[in-house]
Amino acid sequence: MESHETPRTRPVRDGLLTLALTFIIWLVVSWPLPLHVGSAVPMGATGFGTESQVEVMMPGDHLQLMFHYWLMSDYIRGGTPWFYNFYEMNTGDDAERYEPGPYYIPFSLLFTIGYLTGNHSIGWNFAGFVSLWVTVWLTLLLCRRYSDYEGAAWLGAALSILLPYRWLTLFGGSPTGFGMMMVPLTFLGLDYAVRDGKWRGGWMAGLGILLAGCSDTHTFFFAVLFTPVWCLAALIWRGAFDVWKPRFLIRRALVLLPVPIMAWLAIKLSHTITGDIEASTAKAGRTLQEVALFSPHPAGLITFEELGLTNHIYIGFLIPLLLLAGLAAGLFAWKRGAARKTIVLGGLILSSTVVVFLSLGPFGPFDAEVFILARQLIPPYELIRQPAKIFSVLPILFAVAGTIAVGLLARSNRRMISWGAGLAAVLILIEIDLQIHPQLSVVYEKEPAYEAVTEDARTRGMDPHLLVLPLWPGDSHQSSVYQHYASLYRIRMINGYRPFVPARYIRDAFKAYESANLGILSDAQLDSLRDKGIHHIILHENIFPEKVSPFPVTYTLFNLLNHPRLDLLKQSGPVWAFRIRDLARPEVGNVAMESYPPAALFEAERMRRLGGDVITDETASFGSYVRMGEPGNRLYLRPIGAGPAPGLRWMIRARGTGSLSVHQNIGEHEADRSRLTVSADDWTWLEVPSVMPDGMQFIYPAFERAEGRVDIDQVLLAAGEWPVWMPGDEATFRAGDFFHAGHIRAEDLAVVFDSRHERRGIVLYGPRMPAPPGRYEAVIDLSTEAERGSHLGEWTVESPPGTERVRIGMTAGEPVIIPFTLAGNHILQLIMVSETTDSFSIGDIHIKRLE
């Protein structure tokens, strides 16, 4: 019988060597983060064939989690009373914002150390690095217990952070990326408790479970789930025959008692596990359809192709080959003392296989029967939306399995296996580095518009309290930017961002003030905000996606500027701060849009329909359309929150001979019904006046075949006057009326793209209106202080699928002239892609039909 004594350790030496190993791996995988460690944090990672980029204040889970880390730091230094979160989802009653909980300790404490000695970026990067280092250190101690070969243990320690999943979750700002540190702590404690019967083992495992529950609910859940698995592996490895003796069983039960106690305590401490879910819209569990949206596909296990979420489960070939080679060596040496080691290795390989099956969710093998069975047998599994989170335990399974495999292989030729294991580690590191390219975001420590709100509120003797636009239903990562800026000045917000959204927030905040996303606020709504202590509104012009409004952000901005009860307090680039007035001012603003590029643009084949046939046709906008030729055929649009706009109308690209009955609904009631006659062999754009909303209302039409045969390709909600586009016609559009990032310059309504705020990529597009076939030319008013000849970006003209796009470079000091031809009466849309770190602005956009 083998000794169960723990291998000798040298804590200082091990700490320094694991620190060095972690630093080398971190340096390689996270590059170029080491160059920006004091000013930027990772916001995600892209895959093979991509490049790392440094952006500015990008929204995401990294900012949301950083906000909660900051809360703990503010409790510690006395800036905020303990366990009060005033700064999000605050509807006016501070007492309701008492939220006792663990606040992601110990990582929020690690963040606090870096934050108080530096800034947000230093705190975040320090916490992330320490989580990796401690993972390696604890895994080394665990792996030593499964091999007397030191080299094998060090390979296992390296494997603990050499799966892409750890880095992708850490870089993406997921608590799982940090919380995975608790898995080796838990398993090491279980190993001490089961094999050695030591009390410290039970308390270590219990501490691991408790801190996993405090820092990440997914790691907690899966660590608890695999606790019996590890106990069984430890018993088999122990190899003694006294496991059924009462004394043995009683001793192990006692030393393991801290594990269930700590698990119970973790559940009680974490309102994320209990209260948030019970009060949220997810309390009934996740449907398989919802889970499928967040599940990876099997191809991600081995492919280098960029597949987004699917790349999270990449394993590659080297680790499985190593484990299978070790298993083969163990089977070969079965009768020469390798039986127990081989059984444990086989069990770990089997457990890892189950992990992989479960990680695929509805896309798992055998029609996902393993995943479905897990949901049936383990009720909390139904709350899991991202099945790949089970990968939180896989690195440690691989680490110990790899240690055993190398130990079995080393029985034949230790020197050769040593070199082979070292080479394998280097190759795995290279493989991971090729797969992961960190995307970084600079984190600002100041925002003048938020600062102006704070000063204005303090001057008036009140606590600053905000409504920030766009207002989301609590589940959008866009709100993380608001959270960060609010934390800089301790500003209360009605906005919030949570993984589980309280139902009352949807009712009392989002639904109550959703119309503000269009810049539409009644006196009753403004008075209600003031009653809640909210006296300021902020608009983020550059994080305003299409789903927020049927028109560009300019529609919302101008409504706010024109509102008689709002005063512009401060514009700080793309951030606009307004003060809510007690009474309406006598003069009313008169800034207005000149064109209304539509966000509400729908392909008929993607709309909900009753009957009708989808037919492929290259003349359709995206290669297919819906034919409505039978009685009862209908097309339905989703409800669109719209406000008043001049000439509001529905435009339909259609052909055929027949007519449509157009049913227009406001809310649940039909507000208008009209007949639209179609008589055209070729695609033509037809118009139906829309019902005019009173304030913001949800409008949506249904198109029913009335007679004949009608083909429908596209439907859009339009407003404003559009050119007829006869040959020789010319129209001038203000860039500010287009969909855009950047910010509008008040004096001339040009759009400024400031390198301090903007990212590279698509930053402006429009006018998004139908235009007849013909030859056109667009001239862009460009202004920049960049050096003449500097490449700034590229302009393209959207064209139907299968046709070549026009691409024109944009260069400092040179005119931007875009000649293009439209082959059919499709949507005319110019798209600008920024490819520079220089600042520039776009003024007017002149489009002329030449012939």
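As shown above, the structure is provided for reference.
So, a few notes on the structure that sits alongside this text.

The number of helices and strands found in the chain is 25 helices and 28 strands. Counting only C-alpha atoms and orienting by the principal axes, one finds that the chain spans roughly 95 × 65 × 60 Å. The long-range fraction of contacts in the chain, counting pairs at least 24 apart against all pairs at least 6 apart in sequence, stands at 77%. Accessible area for the chain stands at about 34100 Å²; split by element, carbon and sulfur atoms hold 58% of it. In the chain, which carries 71 positive and 83 negative side-chain charges, the distance between the mean positions of the two groups comes to 12 Å.

So, about helix H2 (residues 61-76). Here H2 is 16 residues long and its end C-alpha atoms lie 23 Å apart, about the 22 Å a rise of 1.5 Å per residue gives. Buried residues dominate H2, accounting for 14 of its 16 residues. The first or second residue beyond H2 is glycine 78, which carries a positive phi of 85°.

Our focus in this paragraph is the pairing of strand S3 (residues 437-442). In terms of residue burial, S3 counts as a mostly covered element, since 5 of its 6 residues are buried. The pairing of strand S1 (residues 40-46) with S3 spans 6 bridges and is antiparallel. Each bridged residue has a counterpart across the sheet, and for glycine 44 the counterpart in S3 is glutamine 439.

Turning next to the sheet that holds strand S27 (residues 827-834). The antiparallel open sheet is built from 5 strands, whose spatial order is S19-S22-S27-S24-S25. What marks the edges here is a single partner per strand, and that holds for strand S19 (739-740) and strand S25 (806-811). Relative to strand S22 (residues 761-770), S19 runs antiparallel, the two being bridged by 2 bridges. Counted as the bridge partner of histidine 740 is leucine 764 from S22.

What follows is about the sheet that holds strand S8 (residues 575-580). Pairing within the open sheet is mixed, and its 5 strands lie in the order S5-S4-S6-S8-S7. This sheet does not close on itself; its edge strands, each paired only once, are strand S5 (492-493) and strand S7 (566-572). Relative to S8, S7 runs antiparallel, the two sharing 6 bridges. Bridge pairing links lysine 570 to alanine 577 in S8. Sitting on the sheet, helix H25 (residues 553-562) is in contact with strand S4 (465-469), strand S6 (536-540), S7 and S8, with an inclination near 30° to S8.

Inspection of the entire model under this criterion finds 39 salt bridges. Across the salt bridge formed by arginine 530 and aspartate 582, the nearest N and O atoms sit 2.2 Å from each other. A residue pair is termed long-range when its members are at least 10 positions apart, and arginine 530 in helix H24 (residues 523-531) and aspartate 582 in the loop between S8 and strand S9 (601-603) qualify at 52 residues. Since its relative accessible area comes to 53%, aspartate 582 is described here as exposed. For arginine 775, the salt bridge goes to glutamate 851, with nearest N and O atoms at 3.3 Å. You can see arginine 775 sitting in strand S23 (residues 774-784) and its partner glutamate 851 sitting in the segment after strand S28 (840-849), a full 76 residues away along the chain. Beyond isolated ion pairs, a larger network of salt bridges with shared partners links Asp456, Arg460, Asp567, Arg579, Arg581 and Arg585.

The subject of this paragraph is a nonpolar patch on the surface. Nonpolar side chains collect at one region of the surface, where Phe48, Leu423, Val426, Leu427, Ile430 and Leu434 lie side by side and expose about 510 Å² of accessible area between them. Relative to the helices and strands, phenylalanine 48 resides in the loop between S1 and strand S2 (54-56). The exposure class of phenylalanine 48 is partly exposed, given its relative accessible area of 41%.

With 20 residues, helix H1 (residues 11-30) extends 27 Å from end C-alpha to end C-alpha; this agrees with the ideal 28 Å at 1.5 Å per step. Residues Asp14, Gly15, Thr18, Thr22, Ile25, Trp26, Val29 and Ser30 constitute the buried set of H1. Axial view of H1: buried residues confined to an arc of 105°, hence all on one face. In this structure, H1 carries Val12 and Leu16 as exposed residues pointing more than 90 degrees from its buried face.

The full count for this structure, using the stated rule, is 41 aromatic pairs. With a centroid separation of 5.8 Å and an interplanar angle of 35°, the aromatic rings of phenylalanine 23 and tryptophan 26 are classed as tilted. Here phenylalanine 23 and its partner tryptophan 26 are both found in helix H1, 3 residues apart, which amounts to about one turn of the helix. Owing to a relative accessible area of 10%, tryptophan 26 belongs among the buried residues under this scheme. Judged by centre distance (5.8 Å) and plane angle (90°), the ring pair of phenylalanine 371 and tyrosine 381 falls under edge-to-face. Residue phenylalanine 371 is found in helix H18 (residues 365-377), and its partner tyrosine 381 is found in the loop between H18 and helix H19 (394-409); the two are separated by 10 residues along the sequence.

Attention shifts here to the side chain of glutamine 478. Here glutamine 478 is to be found in the loop between S4 and helix H22 (479-489). The exposure class assigned to glutamine 478 is buried, which follows from its relative accessible area of 13%. In this view, glutamine 478 contacts Pro59, Trp472, Ile543 and Pro545; residues no more than four positions away in its chain are not counted.

A separate point is the nonpolar core. Ranked by internal contacts, the top residues of the largest apolar core, which has 219 residues, are Trp167, Phe391, Tyr450 and Ile712. At 12 residues, H19 tops the list of elements feeding residues into this core. Setting aside residues no more than four positions away along its own chain, tryptophan 167 makes contact with Ile25, Trp26, Val29, Leu132, Ile161, Ile432 and Ile436.

As a further point, take the packing of helix H8 (residues 182-196) against helix H9 (residues 199-215). It is the contact of H8 with H9, at a shortest axis distance of 6 Å, that shows an interaxial angle of 160°. Judged by the angle between their axes, H8 and H9 are roughly antiparallel. Both H8 and H9 take part in a crossing whose hand is left-handed. Facing H8, whose interface residues are Met182, Leu185, Thr186, Leu188, Gly189, Leu190, Tyr192 and Ala193, H9 presents Arg200, Gly201, Gly202, Met204, Ala205, Leu207, Gly208, Ile209, Leu211, Ala212 and Ser215. Of the residues in the contact of H8 with H9, the class split is 12 nonpolar, 6 polar and 1 charged.

Along the chain, arginine 195 turns up in helix H8. Only 3.0 Å separates the side chain of arginine 195 from the backbone oxygen of arginine 145, close enough to count as a polar contact. Here aspartate 191 takes part through its side chain, which lies 2.8 Å from a polar atom of the side chain of arginine 195.

In this structure, proline 106 follows isoleucine 105 across a cis peptide bond, with omega equal to 10°. Cis geometry marks the peptide bond from glycine 766 to proline 767; its omega dihedral reads 0°. Along the chain, the position of proline 767 falls in strand S22. Positive phi, normally seen in glycine, also occurs at phenylalanine 366, with a value near 55°. Along the chain, the position of phenylalanine 366 falls in helix H18. Positive phi outside glycine occurs at alanine 368, with the angle close to 60°. In this structure, alanine 368 sits in helix H18.

Basis of the calculations
- Residues numbered from 1 in each chain as written.
- Predicted model: local features only at pLDDT ≥ 70, side-chain atom pairs only at ≥ 80, totals over all residues.
- Heavy atoms only, no water.
- Helix = DSSP H or I, 4+ residues; strand = E, 2+ residues; numbered from the N terminus.
- Contact = heavy atoms within 4.5 Å.
- Areas by Shrake-Rupley, 256 points an atom, 1.4 Å probe, with all protein chains shown as cover.
- Lys, Arg positive; Asp, Glu negative; His and termini not counted.
- Charge placed at Lys NZ, Arg CZ, Asp CG, Glu CD.
- Expected span 1.5 Å × (residues − 1).
- Buried < 20%, exposed > 50% of the residue type's maximum accessible area, 1.4 Å probe, protein only.
- Pairing = 2+ DSSP bridges.
- Axes fitted to C-alpha atoms, helices over the stretch in contact; angles between N-to-C directions.
- Salt bridge = Lys/Arg side-chain N within 4 Å of Asp/Glu carboxyl O.
- Patch = residues over 30% accessible without salt bridge, like charges linked within 9 Å, V, L, I, M, F, W, Y side chains within 5 Å.
- Arc of directions from axis to C-beta.
- Phe/Tyr/Trp six-rings, centres within 6.5 Å; stacked < 30°, edge-to-face > 60°.
- Core = buried A, V, L, I, M, F, W, Y, C linked by side-chain atoms within 4.5 Å.
- Parallel < 35°, antiparallel > 145°, perpendicular 65-115°, else oblique.
- Left-handed = near helix turned anticlockwise from the far one by under 90°.
- Nonpolar A, V, L, I, M, F, W, Y, C, P; charged D, E, K, R; others polar.
- Polar contact = N/O pair within 3.5 Å; in protein donor to acceptor, adjacent residues only side chain to side chain.

Just geometry here; none of it tells us what the structure is for.
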